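Close look at the chain arrangement
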Amino acid sequence: MIFAIETAALQTFDGAFADELFLAARILFGGVIAFIGLNHFLNLEEMAGYAEYKGAPAPTLSVGASGVVLVLGGLAVALGAFPTLAAGALAGFLVVATPMMHDFWAVPEDQRQDELNSFLKNVGLLGMTVLLLAVSTVEWPYAVGVGLV
């Protein structure tokens, strides 16, 4: 016997308060991401030093550029603007930055837990960006409604 898994394309957000819950999730996630990006600018010198220690190329430029991606991506998710571009850019950032900046397997024992926590936090954030990518072609409720077609 062969089992088949059938899937149906997600057309709408059904269920009681689904639209409002999705909006709340976007605001929470996007707001946190944008705040993390803002910290790249508020603590640029310190973060560039850490990026240099971790071997990032052009550390000050890298921190500034990643700050732009995080601020714009977070705001775009919260607003529902350019959802595919925003979620894709955030996912790309997290895929590159997470193992580079939070390499818990390669740090001294006294730093391992902090790096592991940051690594796992980023993996969780990456999971949300993948989810947003999965629904990025569906019309988002309470969105500003601009994007790439």
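Residues numbered from 1 in each chain as written. Predicted model: local features only at pLDDT ≥ 70, side-chain atom pairs only at ≥ 80, totals over all residues. Heavy atoms only, no water.

**Considerations on helix 4 (residues 83-101)**
Cut-off, in case you're wondering: Helix and strand definitions here come from DSSP, where helices need a minimum of 4 consecutive H or I residues and strands a minimum of 2 consecutive E residues; each element is numbered from the N-terminal end. Each helix should span, by expectation, one fewer than its residue count multiplied by 1.5 Å. Think of it in three bands: with a 1.4 Å probe and only protein chains considered, a residue is buried below 20% of the maximum accessible area for its type, exposed above 50%, and partly exposed in between. Note on definitions: a residue-residue contact is assigned when non-hydrogen atoms from the two residues lie within 4.5 Å.
The end-to-end C-alpha separation of helix 4 is 26 Å, in line with the 27 Å expected for 19 residues at 1.5 Å each. Here helix 4 has its buried residues at P83, A86, A87, L90, A91, F93, L94, A97, T98 and M101. On its buried face, helix 4 sits against helix 1 (18-42), helix 2 (44-53), helix 3 (59-79) and helix 5 (109-134).

**Quick look at the packing of helix 2 against helix 3**
This is how it is decided: Helix axes are fitted to C-alpha atoms over the stretch in contact, other axes to C-alpha atoms as well, and angles between N-to-C directions run from 0 to 180 degrees. The sense of a crossing depends on the near helix, which, turned anticlockwise from the far helix by less than a right angle, makes the crossing left-handed and, turned clockwise, makes it right-handed. For this classification, Asp, Glu, Lys and Arg are treated as charged, while Ala, Val, Leu, Ile, Met, Phe, Trp, Tyr, Cys and Pro are nonpolar and the rest, including Gly, are polar.
Between helix 2 and helix 3, whose axes approach to 8 Å, the crossing angle comes to 115°. Regarding helix 2 and helix 3, the two cross each other, and that crossing is right-handed. Across the interface between the two elements, L44, M47, A48, A51 and E52 of helix 2 pack against P59, T60, V63 and G64 of helix 3. A class-by-class count of the residues in the contact of helix 2 with helix 3 yields 6 nonpolar, 2 polar and 1 charged.

**Considering helix 5**
Here helix 5 spans 38 Å end to end across 26 residues, near enough to the 38 Å set by a 1.5 Å rise per residue. For helix 5, the complete set of buried residues consists of E115, F119, N122, L125, M128, T129 and L132. Where helix 5 is buried, its residues touch helix 1, helix 2, helix 3 and helix 4.

**Quick look at the side chain of R26**
Spelled out, the test is: For the charge count, each Lys or Arg is scored as positive and each Asp or Glu as negative, with His and the chain ends excluded. The term salt bridge refers to a side-chain nitrogen of Lys or Arg lying within 4 Å of a carboxyl oxygen of Asp or Glu. Polar contact criterion, stated in full: a pair of N or O atoms within 3.5 Å, where within protein one must be able to donate a hydrogen and the other to accept it, and residues adjacent in sequence count only if both atoms are side-chain atoms.
Counting through the fold element by element, R26 comes out in helix 1. Buried charge R26 goes without a salt bridge, the closest partner of opposite sign being D19 at 8.4 Å. Here the side chain of R26 touches V77 through a polar contact of 3.0 Å, landing on its backbone oxygen. Within the structure, R26 has its side chain in polar contact with the backbone oxygen of A78 (distance 3.0 Å). Contacts of R26, omitting those with residues within four sequence positions, involve G31, V77, A78, L79, G80, W140, P141, Y142 and A143.

**Remarks on the layout of surface pockets**
We apply this condition: A cavity here means a set of points on a 1 Å grid, drawn over the protein atoms and nothing else, where a 1.4 Å probe fits but cannot get out; a pocket is an open set with protein on both sides within 12 Å along at least five of seven lines, and a residue lines either one if it has an atom within 4 Å of a point. Grid points are joined across faces, edges and corners, and a volume is the space filled by probe spheres set on the points.
Of the voids in this model, the largest pocket is the one considered here, and its volume is about 550 Å³. What lines the largest pocket is a set of 23 residues, and nearest its centre among them are H40, M47, F93, A97 and M101. Counting residues per element, the ones that place at least two in the lining of the largest pocket are helix 1, helix 2, helix 3, helix 4 and helix 5. When residues in the lining of the largest pocket are grouped by element, the largest group, 6 residues, is from helix 4. The class makeup of the residues in the lining of the largest pocket is 16 nonpolar, 6 polar and 1 charged. Put simply, the second largest pocket is a space of about 260 Å³. Forming the walls of the second largest pocket are 16 residues, and the residues nearest its centre are P83, S136, V146, G147 and L148.

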